[in-house]
Amino acid sequence: MSQPASHPGPQPHFLPPDARPDAQAGGSGRRRLRGGVVALALGATFFAVGAVGLTGRDTAPAGGSATAAVRPGSPEAMRERLRRLPEDAPGWAALGMAYVQQARTTADPATYDKAETALRTSLKVQPRDNYAAQTGMGALAAARHDFAAALDWGRRAVATNPAGSGAYGVLADAHTQLGQYEASYQDVQRMTDLRPDTSSLARASYTWELRGDIPRARALMERALNDAPTPGDQAFTRAHLATLATESGDARTGLREAEYGLRAAPGDPQLLEARARAHRALGDSGRAVADYTAAVAITPLPQYVLGLGELQQSLGRTAAAEEQYALLRAQERLRVAAKTPADVDAILFEADHGDARRAVGMGRTAVESRPFIAVQDAYAWALHRAGQDARALPYADLALALGTRSALSHYHRAMIERSLGDLAAARRDLETALAIDPHFHPLHAPAARTALRALK
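Residues numbered from 1 in each chain as written. Predicted model: local features only at pLDDT ≥ 70, side-chain atom pairs only at ≥ 80, totals over all residues. Heavy atoms only, no water.

Chemist: Explain the packing of aromatic side chains to me, using residue names and the numbers behind them.
Modeler: Under the counting rule described, the total for this entry stands at 5 aromatic pairs. Their ring planes at 50 degrees and their centres at 5.4 Å tell us that Tyr-325 and Phe-349 sit as a pair that is tilted. With Tyr-325 in helix 17 (residues 318-338) and Phe-349 in helix 18 (residues 344-353), this pair connects stretches of sequence that are 24 residues apart. Taking the relative accessible area as the measure of exposure, Phe-349 reaches 5% and is therefore buried. Ring pairing ties together the aromatic residues Trp-381, Tyr-411 and Phe-440, which thus form one cluster. Against the face of Trp-153 rests Arg-156, its NZ or CZ located 4.1 Å from the ring centre. (Phe/Tyr/Trp six-rings, centres within 6.5 Å; stacked < 30°, edge-to-face > 60°. Helix = DSSP H or I, 4+ residues; strand = E, 2+ residues; numbered from the N terminus. Buried < 20%, exposed > 50% of the residue type's maximum accessible area, 1.4 Å probe, protein only. Lys NZ or Arg CZ within 6 Å of the ring centre and 35° of its normal.)

Below is the structure:
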């Protein structure tokens, strides 16, 4: 039998910012963040993380110089400045962070190498008390899915500057992906106490989304949107509001949120994907294909490519689907060559459209280093597809142990339970999946309805 969903122990309070004691004391705690929000693809149905929010105050190490502020402008402008001021350690750190953010939109792993070179140059120029570079190295490690290293760099940054909120974001993301949820909640609480801004409020939203409290997650994400200072921040929060709505079965609200966002940030791939998913749920396959295609053209992230391919397959367009799957296989060859860990989308793709036994190997390696619920869900599905249902069920249970309202995870567990002969549990999970979102997947949602009819 599957284990009941449960919430972890003490929960963070996430009081309104102006009700927190440190905020009432005034000073820096009430200042608004003006840093960017970085989103890293960590799974098709789960939140993306990476907001670091380095600001001038945040990047100023104790006893640092006046040049510590993060400077606006492109990486090219930053490099030009560093040619004149090669000993500017904060400048090198800012350039490194700019590359980390750029990699988000280009999906080019080579950009991470540029980020590391810049950040390590900063650390060479200023080996001690270099908070900005330490936080940047943590963000870079998280972007590469090396969460143990991210945790180490985050701890170093906190030791250097305990009042810097960005380092707590690095710690929160690392603890989450390492399955240390209670620690991550405390990190987010501390981050919110230090600076209640878009970065911290978006993470606070995510802690409630993980535990299945969608109304509270939505309320905090709306506050993050209200605080968002830049078009990029607004696009990030709009995309997540759209996804929260669509994945809760309210595709019309999801569509409205995505369209609001695209008016301010036309061509943003996150928003295009969010609108594509809403269109698909509402039965408008033509617009869904168009939006997915546009998102893939801008940034061929695996989750966009897989979403488009499976939508095309559901429409009977085998050649168009195979075109996307060929792109995913090419990306997988690059991943293997780079010796980086497989992500959730790669495991699910291999399980559903490739070699299930290979998917099991990918999932096993991933879950050993990153026991996050999305990875546990993908590993469980790979084991099921390989016929190892008894081994799969504990991982399927772990994927839902926080109470996350994921229709896909409930569907995966239902199929495992059905294979093991627990038809009552399978029926419950299928009903739950379709109640959460009757259009959760272009291929699996119809399969869920068929399976449920057979069980009644």
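Chemist: Could you give an account of the nonpolar core, naming the residues involved and the relevant values?
Modeler: If you look at soluble globular proteins, the nonpolar side chains tend to sit buried side by side. Counting 45 residues, the largest nonpolar core has Phe-372, Tyr-411, Leu-430 and Phe-440 as its most contacted members. The element that contributes the greatest number of residues to this core is helix 20 (residues 373-385), accounting for 9 residues. (Core = buried A, V, L, I, M, F, W, Y, C linked by side-chain atoms within 4.5 Å.)

Chemist: Quick rundown of the packing of helix 14 (residues 269-281) against helix 15 (residues 285-298)? Include the residues and the values.
Modeler: One can describe the packing of helix 14 onto helix 15 by two numbers: an axis separation of 8 Å at closest approach and a directional angle of 160 degrees. Here helix 15 runs roughly antiparallel to helix 14, going by the angle between their axes. Seen along the crossing, helix 14 lies across helix 15 with a hand that is left-handed. Contacts between helix 14 and helix 15 involve Pro-269, Leu-272, Glu-273, Arg-275, Ala-276, Arg-277, His-279 and Arg-280 from the former and Arg-287, Ala-288, Asp-291, Tyr-292, Ala-294, Ala-295 and Ile-298 from the latter. Among the residues forming the contact of helix 14 with helix 15, the class breakdown is 8 nonpolar, 1 polar and 6 charged. (Axes fitted to C-alpha atoms, helices over the stretch in contact; angles between N-to-C directions. Parallel < 35°, antiparallel > 145°, perpendicular 65-115°, else oblique. Left-handed = near helix turned anticlockwise from the far one by under 90°. Contact = heavy atoms within 4.5 Å. Nonpolar A, V, L, I, M, F, W, Y, C, P; charged D, E, K, R; others polar.)

Chemist: Describe the side chain of Asp-343, and please don't skip the residues or the numbers.
Modeler: Among the secondary structure elements, Asp-343 is positioned in the loop between helix 17 and helix 18. Judged by its relative accessible area of 15%, Asp-343 is buried. Among the polar contacts made by the side chain of Asp-343, one reaches the side chain of Arg-370 at a distance of 3.2 Å. (Polar contact = N/O pair within 3.5 Å; in protein donor to acceptor, adjacent residues only side chain to side chain.)

Chemist: Help me get a handle on the packing of helix 6 (residues 131-143) against helix 7 (residues 147-160), residues and values and all.
Modeler: The N-to-C vectors of helix 6 and helix 7 enclose an angle of 165 degrees; their axes lie 8 Å apart at closest approach. The angle between the axes of helix 6 and helix 7 places the two elements in the roughly antiparallel class. Relative to helix 7, helix 6 is oriented so that their crossing is left-handed. Mapping the contact onto sequence places Tyr-131, Gln-134, Thr-135, Met-137, Gly-138, Ala-141 and Ala-142 in helix 6 and Phe-147, Ala-149, Ala-150, Trp-153, Arg-156, Ala-157 and Thr-160 in helix 7. By residue class, the composition of the contact of helix 6 with helix 7 is 9 nonpolar, 4 polar and 1 charged.

Chemist: Account for unusual backbone geometry, with residues named and values stated.
Modeler: Residues other than glycine seldom take positive phi values, yet Asp-129 does so here, at roughly 55 degrees. Mapped onto the elements of the fold, Asp-129 is located in the loop between helix 5 (109-125) and helix 6. In this structure, His-145 is a non-glycine residue whose phi angle is positive, near 65 degrees. Within the fold, His-145 resides in the loop between helix 6 and helix 7.

Nothing here speaks to function; it is geometry throughout.
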